[in-house]
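# Structural features, examined
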Amino acid sequence: MTTLWDTTGSEVVKALSAERRAAGALAFGLALTLVAVVDEKHVSEAEGAATLAASAHPCRLLIVVRRQIESPHPRLDAEVSIGGRLGPGEAVVMRMSGRLALHAESVVLPLLAPDAPVVTWWHDEPPTRIAHDPLGVFADRRVTDVTAAPEPLSALLQRAADFAPGDTDLSWTRLTPWRTLLAAAFDTVTDTPDSAVITSGRANPSAQLFAGWLKNKLGIPVTVEEVGTRPDVTKVTVSLDGSELAIARTDSRTATISRSGYPDRVLPLPGRGVGELLAEELRRLDDDEVFGEALGTYSGLQNLGARSPHREHIWRDPMDKSLTVAGTAPPSGEANAAQAGATPTGAAQTGAAKTEATKTGAPSSAGSTATVGRSGSTARPGRPKAGGA
């Protein structure tokens with residue numbers, strides 16, 4: 001491991017090259033570059049999650065810690081290792097202070113693994129607009145987690161307004177075991193579903209996405225009931241012709257499947273940590289079209305998957321107090337539609353209508369743009385419908 005204090009981007013590149021030469025064959029076979037963006041107080045959590053994900057997917061792990069951006073003195077401290085405490089792969093932890101933290105891409109770009117996809121993950125409150133952060137603009141996949149925002153449902157609506165193919169959110173990834181169980185349960189169902197009810201804790205974005213997915217796949221009305229203090233989804237009930245199909249979480253590891261006229265079954269439904277969720281997202285590097293459909297149904301913004309995957313970097317200086325952002329409009333110019341499917345509640349409803357970012361009194365450099373986009377996206381088949389495996 002090499003530790004560099006008050007260094008430069010060039011020195012970090014040299015240190016990584018030296019570590020690769022020392023490691024030999026261990027340094028080859030990288031599948032992707034994972035860029036983790038995190039605040040100083042959450043570094044330990046992000047390192048643990050990223051290490052778990054990187055152990056399942058050989059990658060170059062670049063952890064960007066932005067701190068003290070108001071400091072007048074830019075500074076870069078870095079830790080470079082291969083096969084060290086951050087797993088068997090290549091890892092660089094960069095702590096950036098001062099104005100350098102606003103231009104992290106100047107250090108990160110030379111460190112990207114050549115000819116490998118780039119995934120950017122924010123282990124923090126998601127950016128209001130990904131185009132404001134060049135670390136997200138140059139990525140092929142962008143992973144956020146709206147549960148880290150003060151108002152998760154409003155943040156989920158913002159993700160819909162700012163959506164581009166390649167975006168995903170861990171609130172959607174948390175639903176994979178639920179969707180798998182429900183799809184498997186429907187393998188033996190011949191009755192026509194009439195409606196569905198999802199039970200969850202208050203302001204749960206996963207429940208709203210679950211409702212959007214069910215409405216898309218089954219074409220039925222779906223209601224989200226907020227019950228109890230548990231923050232996650234606890235039960236889903238589908239009404240059929242004169243009967244019911246229900247999946248209810250029993251504890252943190254199992255769930256019970258109940259169906260009228262049949263004995264109950266207990267099946268595994270384990271809770272997963274952030275590292276496991278991130279590892280799942282790294283298994284697929286193409287656009288998640290099904291997530292786009294569920295997000296569009298929740299927000300009322302249709303055809304999210306038809307938007308361009310290319311993003312244009314919009315420079316925004318967070319230290320410039322004369323720069324105000326009123327909100328974000330859909331990049332494709334779509335009008336804000338009425339909420340479809342499961343309707344968000346509380347503060348989320350007030351965030352349904354967003355307008356394009358308004359810049360007042362900002363210096364000319366604040367509005368400069370630079371095109372940094374993907375060469376294209378790869379089509380993929382949708383995930384299984386609830387009626388089949």
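Above this text you will find the structure in question.
Residues numbered from 1 in each chain as written. Predicted model: local features only at pLDDT ≥ 70, side-chain atom pairs only at ≥ 80, totals over all residues. Heavy atoms only, no water.

Closest axis-to-axis distance for the helix α5 (residues 152-161)/helix α10 (residues 289-299) pair is 9 Å, and the angle between their directions is 115 degrees. For the crossing formed where α5 meets α10, the hand is left-handed. Note on element contacts: α10 touches α5 through Leu295, Tyr298 and Ser299, opposite Leu153, Leu156, Leu157, Arg159 and Ala160. Of the residues that constitute the contact of α5 with α10, the class distribution is 6 nonpolar, 1 polar and 1 charged. (Axes fitted to C-alpha atoms, helices over the stretch in contact; angles between N-to-C directions. Helix = DSSP H or I, 4+ residues; strand = E, 2+ residues; numbered from the N terminus. Left-handed = near helix turned anticlockwise from the far one by under 90°. Contact = heavy atoms within 4.5 Å. Nonpolar A, V, L, I, M, F, W, Y, C, P; charged D, E, K, R; others polar.)

Pairing between side chains of opposite charge can happen when the charged atoms of each approach one another. In total, this model carries 22 salt bridges according to the counting rule given. With a shortest N-O distance of 3.1 Å, aspartate 133 and arginine 66 are connected by a salt bridge. In this pair, aspartate 133 is assigned in the loop between β6 (118-123) and α4 (134-137) and arginine 66 in strand β3 (residues 59-67), connecting sequence segments 67 residues apart. Taking the relative accessible area as the measure of exposure, arginine 66 reaches 22% and is therefore partly exposed. Here arginine 311 makes a salt bridge to aspartate 162, at a shortest N to O gap of 3.6 Å. One end of the pair, arginine 311, is in strand β15 (residues 311-314); the other, aspartate 162, is in the loop between α5 and β8 (167-169), and 149 residues separate them in sequence. A single burial state applies to arginine 311 and to aspartate 162, both of which are buried. Several salt bridges converge on common partners, so that one network encompasses Asp6, Glu40, Arg67, Arg75, Asp77 and Arg95. (Salt bridge = Lys/Arg side-chain N within 4 Å of Asp/Glu carboxyl O. Buried < 20%, exposed > 50% of the residue type's maximum accessible area, 1.4 Å probe, protein only.)

The next subject is the pairing of strand β2 (residues 32-39). β2 sits mainly inside the fold: 7 of its 8 residues count as buried. As paired elements, β2 and β3 share 8 bridges and run parallel to each other. Looking at the pairing, valine 38 lines up with valine 65 of β3. When β2 meets β6, the two strands line up parallel, connected through 6 bridges. By the bridge assignment for β6, alanine 36 is matched with tryptophan 121. (Pairing = 2+ DSSP bridges.)

Here helix α2 (residues 43-56) is 14 residues long and its end C-alpha atoms lie 20 Å apart, about the 20 Å a rise of 1.5 Å per residue gives. If you check which residues of α2 are buried, you get Val43, Ala46, Glu47, Ala49, Ala50, Thr51, Ala53 and Ala54. Those residues of α2 that are buried lie in contact with β2, β3, β5 (87-97), β6 and α9 (274-282). (Expected span 1.5 Å × (residues − 1).)

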